[in-house]
Amino acid sequence: STGIAKAPFLSCSACIGFESTKPIERKVRTSLTAVTSLNPNPIRKDRQRTCMQSWLNAGIEILAVNTSDELDSMPWLNGIAEQFVSNETTTMYDKPVQKVSALIRAGMLTGGQFMLINSDIEIDGDLSILSDAIESQDRLTIGVRYNYDSSAGRQTSRLETAGLDVFVMTANMASNVQQREFGIGKPAWDYWLPHQMRLNGIKFNWIQRPLFFHESHPIGWSNAEW
């Protein structure tokens, strides 16, 4: 009775409120910068480029936060993303990783709203979902990803039950986050950050409808790190 549900709206529970007559928005309505840190491993290059292109297609600018050596090894970034050199990595894990606090610092320097996002998250769907959420600039917007197997495609994607991958905030909101050793993409950073925000009295906007997609790959952290 409400229209034909198509991918990424995969079930009745996923398309609540779906309106067949409402135009789909393919770009965000307001200025937004995606702040990420890239994996310099060449194996991850193609996937990361695909994800970053989806951000650009959505009208989102990109700021890549990496060490100088990492950025030198990724000349393909030129023309795709602005680059922010951060050589102060955390040593809490099996290998050096960019601190979440470094990404937040870089995001604050943009002067506008910014989105912390893992580099392997693709954005696709009705961007009005994101635009509506970030219009409430007094709230932290949290995006939950949908996982899928590359051999089956996004039609098989399922809501992630644990990890969070997208956080949109203002510089004022981010200024009260404490400096800690948590690294982007490592265990617990995605729970620590909203916990910090909640301690500061910040409320949340949740995006749990299909918009952020993650192609399954081997886990990027060890049991010891967890």
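You'll find the structure just up there.
All chains use their own residue numbering, which begins from 1 and follows the written sequence. In keeping with the model being predicted, local features are shown solely for residues with a pLDDT of at least 70 and side-chain atom pairs are shown and tallied solely at 80 or more, while totals for entire chains, interfaces and linings include all residues. For the side-chain quantities, the full set of heavy atoms in the structure was used; hydrogens and water were omitted.

A.B. asks: Where do I start with the pairing of strand β9 (residues 166–169) in this structure?
C.D. replies: Sheet faces and side chains relate simply in a regular strand, where the side chains alternate between the two faces. Residues V166 and V168 point to one face of β9 and F167 and M169 to the other, with burial holding for every one of them. The pairing criterion for strands is at least two bridges between them, as found by DSSP. Per the convention used, a helix needs a DSSP run of H or I reaching at least four residues, while a strand needs a run of E reaching at least two, with both numbered from the N terminus. One ladder, built from three bridges, connects strand β6 (residues 139–143) with β9; its direction is antiparallel. The residue of β9 that forms the bridge with I142 is F167. The rule is simple: take the accessible area with a 1.4 Å probe, protein chains only, and divide by the maximum for that residue type; under 20% is buried, over 50% is exposed, in between is partly exposed.

A.B. asks: Would you mind showing me how to read the packing of aromatic side chains here?
C.D. replies: One pair of aromatic rings is described through two measures. These are the centre distance and the angle between the planes. Aromatic rings from Phe, Tyr and Trp, taking only the six-membered ring of Trp, are treated as a pair when their centres fall within 6.5 Å; an angle between ring planes under 30 degrees marks them as stacked, one over 60 as edge-to-face, and anything in between as tilted. All chains considered together, the criterion is met by four aromatic pairs. Judged by centre distance (6.2 Å) and plane angle (50 degrees), the rings of Y146 and F213 are tilted. Of this pair, Y146 sits in strand β7 (residues 146–148) while F213 sits in strand β11 (residues 212–215), placing them 67 residues apart in sequence. Between F182 and W192, the ring centres sit 5.0 Å apart and the planes meet at 25 degrees, which makes this aromatic pair stacked.

A.B. asks: Is there a simple way to explain the nonpolar core in this structure?
C.D. replies: Across soluble globular proteins, you tend to see nonpolar side chains buried next to one another. Counting 31 residues, the largest nonpolar core has M52, W55, I60, L77, M115, I123 and L130 as the members making the most contacts within it. Only α1 (45–57), β2 (61–66), β4 (114–117), β5 (121–123), α4 (128–134) and β9 provide two or more residues apiece to this core. Sorting elements by how many residues they give to this core places α4 first, with four residues. Residues count as neighbours in contact if any of their non-hydrogen atoms are within 4.5 Å of one another. Here M115 is in contact with L32, T33, A34, V35, I60, I123, V166, F167 and V168, once residues within four sequence places are set aside. Buried Ala, Val, Leu, Ile, Met, Phe, Trp, Tyr and Cys residues form a nonpolar core when they are joined through side-chain atoms within 4.5 Å.

A.B. asks: Honestly, the side chain of Q196 in this entry has me stumped. Any pointers?
C.D. replies: Topologically, Q196 is positioned in helix α6 (residues 189–199). On the basis of relative accessible area, Q196 is assigned to the buried category, the value being 7%. When residues no more than four places from it in sequence are discounted, the contact partners of Q196 are V177 and Q178.

A.B. asks: Would you mind going over the sheet that holds strand β10 (residues 203–207) with me for this structure?
C.D. replies: Strands belonging to one sheet form pairs held by backbone hydrogen bonds; the direction of such a pair is parallel or antiparallel. Spatially, the seven strands line up as an open sheet ordered β3-β2-β1-β4-β9-β6-β10, and their pairing is mixed. Edge positions in the sheet fall to β3 (82–85) and β10, since each has one partner strand and no second. Within the sheet, the average angular offset between the axes of one strand and its neighbour, ignoring direction, is 25 degrees. Relative to β4, strand β1 (residues 33–36) is paired through three bridges, and the arrangement is parallel. Looking across to β4, one finds that V35 is bridged to L116. Here, axes are lines fitted to C-alpha atoms. For helices the fit covers the stretch in contact, and angles between N-to-C directions go from 0 to 180 degrees. Packing against the sheet, α1 makes contact with β1, β2 and β4, and its axis sits at approximately 145 degrees to β2.

A.B. asks: Explain the sheet that holds β5 here, please?
C.D. replies: Read across the sheet, four strands follow the order β5-β11-β7-β8 without closing on themselves; strand pairing throughout is mixed. Looking at strand neighbours, the two that pair on one side only are β5 and β8 (158–159), the edges of this open sheet. Its contacts with the sheet place α1 against β5, β7 and β11, and it is angled at close to 30 degrees to β5.

A.B. asks: Teacher, can you tell me more about the environment of N78 here?
C.D. replies: Examined against the element boundaries, N78 turns out to sit in the loop between α2 (68–72) and β3. Distance in space between the C-alpha atoms of N78 and T30 is 24 Å, their sequence separation being 48 residues.

A.B. asks: Whenever I open this one, the side chain of Q113 confuses me. Can you help?
C.D. replies: Turning to its location among the elements, Q113 is positioned in the loop between α3 (100–108) and β4. Residues adjacent in sequence count toward polar contacts only when both atoms are side-chain atoms; beyond that, a polar contact is any pair of N or O atoms within 3.5 Å, and within protein one must be able to donate a hydrogen and the other to accept it. Only 3.1 Å separates the side chain of Q113 from the backbone oxygen of I134, close enough to count as a polar contact.

A.B. asks: Looking at this structure, how should I read the pattern of salt bridges?
C.D. replies: Side-chain pairing between opposite charges can occur once the charged atoms of the two side chains come close. A carboxyl oxygen of Asp or Glu within 4 Å of a side-chain nitrogen of Lys or Arg is what we treat as a salt bridge. Counted under the stated rule, the structure contains 12 salt bridges. With a shortest N-O distance of 2.9 Å, R29 and E25 are connected by a salt bridge. Note that E225 is salt-bridged to K186, the shortest N-O span being 3.1 Å. Taken together, the positions of E225 in the segment after β11 and K186 in the loop between α5 (171–174) and α6 put the pair 39 residues apart, joining distant regions of the chain. Residue E225 shares its accessibility class with K186, and that shared class is buried. When salt bridges that share partners are traced, they join E25, R29, D132 and E135 into one network.

Keep in mind these values describe shape, not function.
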